[in-house]
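# Descriptive analysis of the structure
This is what each chain is made of:
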Amino acid sequence: MIEVNGRKVEWVKNETVTELLKRVKYTFPLVVVKINDKVVPKNCFSETIIPDNSRVAVIHMISGG
Amino acid sequence: MVKTIMNKQKYDKIKNKLQNSSVGIAGLGGLGSNAAVALARAGVGRLVLVDYDIVEKRNLNRQYYFTDQIGKAKTDAIVENIKKINPEILVETHNIKLVKGSMDVFFKDVDVIIEALDNAETKTAFIEEILLKLPDKPVVAASGVAGYGHSDRIKTIRSGNLYICCDEQAKSSDDDILMAPRVCLMANWEANIALEIILGEDK
């Protein structure tokens with residue numbers, strides 16, 4: 001089991017950040033992703049595997065300032 | 001008057017702590033200009049402000065500038081305005097566009113960084129780079145400032161050293177209007193979080 005933005009989600013072996021985002025339907029193109037409080041650079045999403053029991057934060061920024 | 005009512009020790013402690021603190025702000029638009037002014041009024045001793053833009057007439061519906069400053073660099077205009085409020089504050093400005101790969105350079109020695117950029121892509125890139133390069137630095141960001149009303153939807157989400165003042169249901173500024181009340185609300189919300197980080201929670 002992993003936690004994504006506070007929500008319990010089934011852990012899938014060898015799942016990458018890109019695959020997880022697709023599975024939990026986070027379709028926003030611009031997000032900051034943290035796994036257990038460590039940032040995953042955007043260019044590593046497709047090769048970073050999510051370990052079991054991870055706490056994942058997906059932070060979506062909306063334009064305006 | 002305030003000093004006689006309020007515990008003087010507490011007042012002095014807060015004043016000293018703020019005087020010796022520093023905040024960096026990336027962007028001097030609606031969020032950054034208003035956050036900078038709030039922190040200057042609060043008495044933060046040093047501000048590091050970065051923006052490459054000039055003041056335009058259309059900025060005046062929400063940004064802390066005046067008609068006679070149109071055409072000026074925002075970095076110069078904000079210094080003028082801050083000095084009118086608090087001439088003792090140290091204001092360091094950089095009239096430059098923040099670009100990927102060197103977004104952290106001006107913010108290495110500040111206590112707190114405020115993200116006050118405009119579009120989602122730059123916001124995301126900035127947060128990612130700062131968290132990667134300066135992992136121990138508190139970062140305060142804002143997301144979902146467009147529109148009006150719905151003040152109660154605004155909240156702070158915290159993830160480690162990252163604090164986001166956000167309204168997750170707000171529309172992008174590409175699809176909704178930017179106006180002073182909500183933009184200033186969130187700018188001051190960011191400034192307020194910065195104070196909380198510097199001073200610690202008021203118990």
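So, how was this worked out
Residues numbered from 1 in each chain as written. Chains lettered and ligands numbered in written order. Predicted model: local features only at pLDDT ≥ 70, side-chain atom pairs only at ≥ 80, totals over all residues. Heavy atoms only, no water. Helix = DSSP H or I, 4+ residues; strand = E, 2+ residues; numbered from the N terminus. Rg over C-alpha atoms; globule rule 2.2 N^0.38 Å. Contact = heavy atoms within 4.5 Å. Lys, Arg positive; Asp, Glu negative; His and termini not counted. Charge placed at Lys NZ, Arg CZ, Asp CG, Glu CD. Buried area = accessible area lost by both parts, 1.4 Å probe. Salt bridge = Lys/Arg side-chain N within 4 Å of Asp/Glu carboxyl O. Nonpolar A, V, L, I, M, F, W, Y, C, P; charged D, E, K, R; others polar. Buried < 20%, exposed > 50% of the residue type's maximum accessible area, 1.4 Å probe, protein only. Pairing = 2+ DSSP bridges. Right-handed = clockwise from strand over helix to strand, strands pointing away. pLDDT = per-residue confidence, 0-100. Disulfide = S-S within 2.5 Å.

### Side note on the overall build of chain A
Helices and strands together make up the secondary structure of chain A, namely 1 helix and 5 strands. Over its C-alpha trace chain A gives a radius of gyration of 11 Å, about what one expects of a compact globule, namely 11 Å for 65 residues. For chain A, the spread of C-alpha atoms along the principal axes amounts to about 40 × 25 × 20 Å. Partitioning the intrachain contacts of chain A with sequence separation of at least 6 by distance along the chain shows that 53% fall at a separation of at least 24. Taking the 10 positively charged and 7 negatively charged side chains of chain A as two groups, their mean positions are separated by 4 Å.

### Some details on the interface of chain A and chain B
Across the contact, 17 residues belong to chain A and 33 residues belong to chain B. Between chain A and chain B the total buried area reaches about 1,800 Å² when both faces are included, carbon and sulfur atoms providing 65% of it. Of all residues in chain A, A:Met61, A:Ile62 and A:Gly65 bury the most surface against chain B, accounting for 37% of the area lost on that side. Between the two partners, chain A and chain B, sit 0 salt bridges. Only strand 3 (31–35), strand 4 (38–40) and strand 5 (55–60) of chain A provide two or more residues apiece to the side of chain A that touches chain B. When its residues are assigned to classes, the side of chain A that touches chain B shows 10 nonpolar, 4 polar and 3 charged.

### Describing the pairing of strand 5 (residues 139–143) of chain B
All names here are of chain B. A large share of strand 5 lies buried, amounting to 5 of its 5 residues. Burial along strand 5 is two-sided: Val139, Ala141 and Ser143 and Val140 and Ala142, pointing in opposite directions, are all buried. Note that strand 4 (residues 112–115) and strand 5 share 2 bridges and pair parallel. Considered in strand 5, the bridge of isoleucine 114 is made with valine 140. As a crossover connection, the stretch from strand 4 through helix 5 (residues 120–133) into strand 5 is right-handed. In this sheet, strand 7 (residues 162–166) lies alongside strand 5 in parallel orientation, the contact comprising 5 bridges. Directly across from valine 139, in strand 7, lies its bridge partner leucine 162.

### Quick word on unusual backbone geometry
A positive phi angle is found at A:Asp37, which is not glycine, with a value near 75 degrees. Relative to the helices and strands, A:Asp37 resides in the loop between strand 3 and strand 4. Even without glycine at this site, B:His150 takes up a positive phi of about 55 degrees. With respect to the secondary-structure elements, B:His150 resides in the loop between strand 5 and strand 6 (155–159).

### Re the confidence of the model for chain B
Across chain B, pLDDT averages 95, with 97% of residues at or above 70. The complex model carries a pTM of 0.94, and its ipTM stands at 0.90.

### Here's the deal with the pattern of salt bridges
For side chains bearing opposite charge, pairing can occur when the charged atoms are close. Within the structure shown, the criterion is met by 15 salt bridges over all chains. The partner of A:Lys34 in a salt bridge is A:Asp37, and the shortest N-O contact between them spans 3.1 Å. For A:Lys34, a relative accessible area of 3% corresponds to the buried category. With its nearest N and O atoms 3.2 Å apart, the salt bridge here joins B:Arg58 to B:Glu56.

### Looking at the state of the cysteines
Applying the stated rule across the entire model yields 0 disulfides over all chains. Distance from the sulfur of B:Cys166, which forms no disulfide, to the nearest cysteine sulfur (B:Cys165) is 7.0 Å.

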